[in-house]
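Structural description and commentary
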Amino acid sequence: MLSTPTKDSGGSALGGGNPNAIFAEIRVLFSAWRATRSWLTEGYKKVQSSIYTKLDKPYVLPTIFGKPELVLPRSQTSWLLNEPENILSATADHFELLAGDYAFTHPRLLEDPFHEYVVKKKLARSVPGLLSAISDEVAYAFDSTWGTDTKGWKEVKVYESVLVMVSKVINRMVVGYPLCRNEDYLLLVKGFTKDVGRTLAILRFTPRWLRPLVGPLAALLNHSHYRKIARYTLPLIRERLCCYEMIQQNREMTGLMPDDFLSWSILVASAEGRDEELTADMLSRRVLPIETAGIYPTSATIANCLLDLLSSDPSLRYLDTIRQQSSTILAQHGGRWTKAGIAAATRADSAIRESMRLSPIMTRNTIKKVMPKEGVTNRAQGWHAPQGLYIGLDVAGIHHDPDIYPQPLTYDAFRFCSPAGEDSEKHHAADGTDEKSRSEQTARADRKTTLENTSEIWLGFSHGKRACPARQFVAAYVKILLSFMVMHYDIEPLASRPPSLCTNGFTIDPPWNVSIKVRRRDGPVSR
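Here is a short report on the structure shown in this document. From a predicted model like this one, the values you see are computed outputs, not experimental measurements. (Residues numbered from 1 in each chain as written. Predicted model: local features only at pLDDT ≥ 70, side-chain atom pairs only at ≥ 80, totals over all residues. Heavy atoms only, no water.)

Details of helix H17 (residues 471-488)
This is how the line gets drawn: Put simply, DSSP marks the helices as runs of H or I at least four residues long and the strands as runs of E at least two long, and each gets a number from the N terminus on. Here a helix's expected span is defined as the number of its residues, less one, multiplied by 1.5 Å. Relative accessibility under 20% of the residue-type maximum defines a buried residue, over 50% an exposed one, and the middle range a partly exposed one, all with a 1.4 Å probe and only protein chains included.
An ideal rise of 1.5 Å per residue puts 26 Å on 18 residues; H17 measures up with 25 Å between its terminal C-alpha atoms. Here H17 lies mainly inside the structure; 17 of its 18 residues are buried.

Here you go:
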């Protein structure tokens, strides 16, 4: 079933019969929808894991996107990351993956991802100054979603409620206060992100020659939702542009510009002469991919983490330990989250990171498209990939490799806590082993890598130059959110972990309809 690429062709298709037969591509696509996860598992074992022989070779994987991918062994990660964009392009992959011609209302949004550049340039350095606003928004989001009743239990849907809260927190950074709390605006944003998912699903099952006809029709609702979103964003952006003009006339008025994505976009576009990005319409459209990329993946991460924690053995006292550490940190920092406090929250950090390891949002990432007409050659391994082939890494395989992570399918919330890090208490893993019994490689990675710091064996935010540019912000606010959750709510445990969903072979989602019971704890609210 699995094959390594030939020198000339870059590989052969898997699992779909004769590739020259009529409708073979469609048959492979439907097979990939059902079986990609099992193909990846088998492929990783055969070419990478010591369970079999370590062939250390790539293999070709059919996908639901209509084109095969070349899945690399971990040894070729540096080669993949170091090839320049004009040879192996992540931007081209994103454009194809996200139907850039249709899904986001304007092709330029993904052809030239200026919004990513703005986030990479501005967000990380702004995180310390945003912590107070993030903390306030997290508290407001919980109050308005899970409630403040300290007497009775409230039943909430995990994924849906987390989605609502994350949307509010993300928008505090994107469009600022008070629009981030406008329920109609948030519903429109949620509707648009769902439109994108529906458009992608339709186009994945549409033959390429039909996409110019089907694509605009599939994206009609996307455009409708954007026009409604623009009723909120365009007046706000025009106001920001006026503020920027006033600041140009009088530098003492700098405080007129809030510290958020809209302001950063105006400042960066102006400083770098990107006049085409300074129109109110383009600034408004740039909000769309930020919303889509920020809300659903982060919501899935938090929902998965909550389900993992609630279904763990209560005797491990995961929630109590996170609650105790977070309370101590806030007491030491005047009741507010600071940069140092976020760094010290190692228990929350590890619990979230472990959940991302066990249930990565995507089965593969760091995917790039071969751009040159002559293709690209990996001289170290002696194979050639043709133009148009997609090349990437099997994230789930790496994250579940027992040679890297002992007991890889067990959720061990404090797997990544440094033995000498935050306290002297020896941490016991869920399988009964202690820190000293971990592999040398994993222990070394534990000490040097945190939630936002990627590596070749920790790919929760991808890795290399195209790693998620918002990961420092995401790491900060998910730790604040998890800490607030366990400090201010009692949550009934789950008897077992509801299984995650991997229906398309690419994304791994938490179950959508699982409900839990929550109750507000007595005591003052910390922010």
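That covers the picture; the talk isn't over yet.
Remarks on the pattern of salt bridges
Worth spelling out the cut-off: Take a side-chain nitrogen of Lys or Arg and a carboxyl oxygen of Asp or Glu: if they are within 4 Å of each other, that pair is a salt bridge.
Applying the stated criterion across every chain, the model contains 27 salt bridges. A salt bridge links glutamate 272 to lysine 121, with the shortest nitrogen-to-oxygen separation between them at 3.8 Å. Residue glutamate 272 is found in the loop between helix H10 (261-271) and helix H11 (280-310), and its partner lysine 121 is found in helix H5 (residues 114-145); the two are separated by 151 residues along the sequence. Aspartate 320 serves as the salt-bridge partner of arginine 323, at 2.7 Å between the closest nitrogen and oxygen. Highlighted residues: arginine 323 and aspartate 320, both in helix H12 (residues 318-332), separated by three residues, approximately one helical turn. Beyond isolated ion pairs, a larger network of salt bridges with shared partners links Arg108, Asp112, Arg274, Glu276, Glu277 and Arg286.

Brief notes about the sheet that holds strand E10 (residues 515-520)
Short version of the rule: Pairing between two strands is assigned when DSSP locates at least 2 bridges connecting them. Here the axes come from fitting lines to C-alpha atoms, over the contacting stretch only for helices, and the angles between their N-to-C directions go from 0 to 180 degrees. Residue contacts are defined here by distance: any two heavy atoms, one from each residue, within 4.5 Å place the two residues in contact.
Read across the sheet, three strands follow the order E4-E10-E9 without closing on themselves; strand pairing throughout is antiparallel. Of all strands in the sheet, those bounded by a partner on one side alone are strand E4 (154-157) and strand E9 (489-491). Sheet twist, expressed as the mean angle between neighbouring strand axes with direction ignored, is 40°. The pairing of E9 with E10 spans three bridges and is classified as antiparallel. The residue bridging isoleucine 491 from the neighbouring strand is valine 518, located in E10. Contacts from helix H6 (residues 158-174) reach E4 and E10 within the one sheet, and its direction differs from that of E4 by about 80°.

Notes on the environment of cysteine 180
Tracing the backbone shows cysteine 180 in the loop between H6 and helix H7 (183-204). Its relative accessible area of 0% is what places cysteine 180 among the buried residues. Through-space distance from the C-alpha of cysteine 180 to that of glutamate 137 is 8.9 Å; in sequence the pair is 43 residues apart.

A closer look at the nonpolar core
Just so we agree on the cut-off: Nonpolar cores were defined as sets of buried Ala, Val, Leu, Ile, Met, Phe, Trp, Tyr and Cys residues, with membership established by side-chain atoms within 4.5 Å.
With 135 residues, the main nonpolar core has Trp146, Phe261, Leu309, Ile391, Phe473, Leu482 and Ile516 as its most contacted residues. Among the elements that line this core, the one with the most residues is H11, at 15 residues. Discounting chain neighbours no more than four positions away, the residues touching isoleucine 391 are Leu70, Leu72, Trp79, Leu80, Leu88, Thr366, Ile367, Lys368, Val370, Val376 and Ala385.

Details of the environment of leucine 262
Turning to its location among the elements, leucine 262 is positioned in helix H10. The exposure class assigned to leucine 262 is buried, which follows from its relative accessible area of 2%. A C-alpha to C-alpha distance of 8.0 Å links leucine 262 and valine 287, two positions 25 residues apart in sequence. Among all residues touching leucine 262, those that are not within four sequence positions of it are Val174, Val175, Leu236, Ile237, Arg240, Leu283 and Val287.

Thoughts on the packing of H7 against helix H8 (residues 211-218)
Basically, it comes down to this: Angles below 35 degrees are treated as roughly parallel, those above 145 as roughly antiparallel, those between 65 and 115 as roughly perpendicular, and all remaining angles as oblique. Here is the rule for handedness: rotate from the far helix to the near one, and if that takes an anticlockwise turn smaller than a right angle the crossing is left-handed, while a clockwise turn gives right-handed. Note on residue classes: Ala, Val, Leu, Ile, Met, Phe, Trp, Tyr, Cys and Pro are nonpolar, Asp, Glu, Lys and Arg are charged, and everything else, Gly too, is polar.
Orientation of H7 relative to H8, taken along the N-to-C sense of each, is 160°, at an axis distance of 10 Å. Viewed along their axes, H7 and H8 adopt a mutual orientation that is roughly antiparallel. Like other packed secondary-structure pairs, H7 and H8 cross with a definite hand, here right-handed. Each of Thr199, Ile202, Leu203 and Arg204 in H7 lies in contact with H8, whose residues at this interface are Arg211, Val214, Gly215 and Ala218. A per-class count over the contact of H7 with H8 returns four nonpolar, two polar and two charged.

Take it as geometry only, folks, not as evidence of what the structure does.
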